[in-house]
Amino acid sequence: MSYTEPLLSPKVVERAKKLNTTLISDAMGCTGSMHYTVKPVAPGMKVVGTALTVDMRAGDNLFLHQGIYCGGEGYVLVADGKGYTENAYMGELMAGAAKAIGLEGIIIDGFVRDKEMLGKIGLPIFAKGFIPNGPFKDGPGAINTPISCAGVVVHPGDLIIGDEDGVVVVPKDKVEEVLHKAENKFAYEEKRLQTIANYEEKRKQGNADGVSIAPPWLEEKIKEFGF
């Protein structure tokens with residue numbers, strides 16, 4: 001039995017890898033982000049891939065184990081741990097196995113453990129924190145069903161992007177639209193950064209008089225407040 005949705009195309013993943021969570025969220029109207037407490041377990045971790053979802057009983061990781069062995073390259077395991085904070089859902093051994101299998105990363109609405117080793121293993125893992133207590137292994141649970149993870153609905157096959165700012169979920173039927181908008185926003189921001197840098201250089205040279213670097217939309221938005 002196959003538990004996995006088809007992978008998003010390599011082209012889609014490569015496009016997403018050139019962006020970041022802030023651009024993606026902006027493209028979705030400043031939505032789509034998991035709770036702010038879900039963060040990478042070590043600096044510099046970034047993950048992009050296709051969602052493979054896991055539903056778990058609070059404090060129990062039986063189905064997280066199964067989810068790892070249902071996965072592979074291209075998939076990001078997204079686990080609804082119900083925000084539970086009394087037990088860790090995974091640690092060094094599971095992270096090592098997930099990396100060996102080829103998973104792109106793991107997102108957990110809950111705690112993990114073995115912080116030092118998770119950083120050394122290097123598999124992108126995003127969680128709410130750390131605690132030494134281990135989990136139970138009794139179930140029940142489910143693999144690749146719609147879940148709610150840290151405040152965001154995740155369906156199998158959705159696009160997952162995680163970086164230092166957090167984790168954003170793009171519904172699979174909106175991926176093309178969102179990536180297009182995010183790429184346009186990226187181009188806009190690159191142009192703005194260049195404009196700002198040019199202005200700073202002119203200011204240092206004493207040539208900035210009468211030059212404005214306020215974004216074009218600001219005047220229209222702010223005029224109703226008397227500016």
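Throughout, a residue's number is its position along its own chain's written sequence, starting from 1. pLDDT decides what is reported in this predicted model: residues at 70 or higher carry local features, side-chain atom pairs at 80 or more are listed and counted, and totals for whole chains, interfaces and linings draw on all residues regardless. By convention in this description, side-chain values take in all heavy atoms of the structure and omit both hydrogens and water.

Novice: Explain the environment of K185 to me, using residue names and the numbers behind them.
Specialist: In this fold, K185 is placed in helix α6 (residues 175–204). Relative accessible area decides the class of each residue, using a 1.4 Å probe on protein chains only: under 20% of the type maximum gives buried, over 50% gives exposed, and in between gives partly exposed. For K185, a relative accessible area of 24% gives the class partly exposed. Contact criterion: two residues are considered in contact whenever any of their non-hydrogen atoms come within 4.5 Å of each other. The residues touching K185, leaving out its near neighbours within four places in the chain, are L23 and D26. The way it works is that DSSP assigns letters per residue, a run of H or I at least four long becomes a helix, a run of E at least two long becomes a strand, and they are numbered from the N terminus.

Novice: Tell me what's going on with helix α3 (residues 62–70), and back it up with residues and numbers.
Specialist: When α3 is considered as a whole, its buried residues turn out to be L64, G67, I68 and C70. The arc that holds every buried residue of α3, seen down its axis, measures 165°, which confines them to one face. Tucked inside the fold, the buried residues of α3 contact β2 (47–56), β3 (75–88), α4 (92–101), β4 (105–112) and β7 (141–143). The directions considered for the arc are those from the helix axis to the C-beta atoms.

Novice: I'd like a rundown of the nonpolar core, residues and numbers included.
Specialist: Across soluble globular proteins, nonpolar side chains have a tendency to be buried as a group. Joining through side-chain atoms within 4.5 Å is the link that ties buried Ala, Val, Leu, Ile, Met, Phe, Trp, Tyr and Cys residues into a set, and such a set is a nonpolar core. Core analysis: the biggest nonpolar cluster contains 27 residues, and L64, L77, M90, I106, I108 and I125 have the highest contact counts within it. For this core, the elements supplying multiple residues, two or more each, are β2, α3, β3, α4, β4, α5 (115–121) and β5 (125–127). Membership of the second largest hydrophobic core comes to 18 residues, among which are L8, L19, V178 and L179.

Novice: Let's hear about a nonpolar patch on the surface: which residues, and what values?
Specialist: Each patch groups residues whose relative accessible area exceeds 30% and which form no salt bridge, using 9 Å between like charges and 5 Å between nonpolar side chains of Val, Leu, Ile, Met, Phe, Trp and Tyr. Per-residue and other accessible areas follow the Shrake-Rupley method at a 1.4 Å probe size, with only the shown protein chains counted as cover for residues. Throughout this description, the term salt bridge denotes a Lys or Arg side-chain nitrogen within 4 Å of a carboxyl oxygen of Asp or Glu. A surface patch of nonpolar side chains, about 290 Å² in accessible area, is lined by Y188, W217 and L218. If you trace the backbone, W217 turns up in helix α7 (residues 216–222).

Novice: Mind laying out the pattern of salt bridges, listing which residues take part and the relevant values?
Specialist: Scanning all chains against the criterion turns up 15 salt bridges. Between K185 and D26 there is a salt bridge, with its nearest N and O atoms 2.6 Å apart. Residue K185 is found in helix α6, and its partner D26 is found in helix α2 (residues 21–27); the two are separated by 159 residues along the sequence. Notably, a salt bridge pairs K128 with D109, separated by 2.8 Å at the nearest N-O pair. You can see K128 sitting in the loop between β5 and β6 (129–130) and its partner D109 sitting in strand β4, a full 19 residues away along the chain. According to the relative accessible area criterion, K128 is partly exposed, its value standing at 25%. On the basis of relative accessibility, which here comes to 6%, the residue D109 falls in the buried class.

Novice: Help me get a handle on the state of the cysteines, residues and values and all.
Specialist: The definition used for a disulfide is geometric: two cysteine sulfur atoms within 2.5 Å. Inspection of the entire model under this criterion finds 0 disulfides. Between C70, a cysteine without a disulfide, and C149, which holds the nearest cysteine sulfur, the sulfur-to-sulfur distance is 17 Å. The exposure class assigned to C70 is buried, which follows from its relative accessible area of 15%.

Novice: Tell me about α6, and please be specific about residues and values.
Specialist: Note: α-helices contain 3.6 residues per turn, so residues at a spacing of three or four share the same orientation. For α6, with 30 residues, the first-to-last C-alpha span of 43 Å sits near the 44 Å given by 1.5 Å per residue. For α6, the full list of buried residues reads V175, V178, L179, A182 and R192. In this structure, the buried side of α6 is in contact with α1 (10–17), α2, β10 (159–163) and β11 (166–170). G206, located one to two residues past α6, shows a positive phi value of around 75°. Each residue after the first adds 1.5 Å to the expected span of a helix.

Novice: Run through the pairing of β2, naming residues and quoting values.
Specialist: Most of β2 is tucked away: 9 of the 10 residues are buried. Each pair of strands is called paired provided DSSP finds at least two bridges between the two strands. For β2 and β10, the ladder comprises 4 bridges, and the chain directions are antiparallel. Bridge pairing links V47 to G162 in β10. Relative to β3, β2 runs parallel, the two being bridged by 6 bridges. Bridged to V54 within β3 is A79. Note on handedness: a crossover is taken as right-handed if, strands pointing away from the viewer, the path from the first strand over the helix to the second is clockwise. The handedness of the β2 to β3 crossover, carried by α3, is right-handed. With 3 bridges joining them, β2 and β7 adopt antiparallel strand pairing. Each residue of the ladder has a partner; that of M56, found in β7, is G141.

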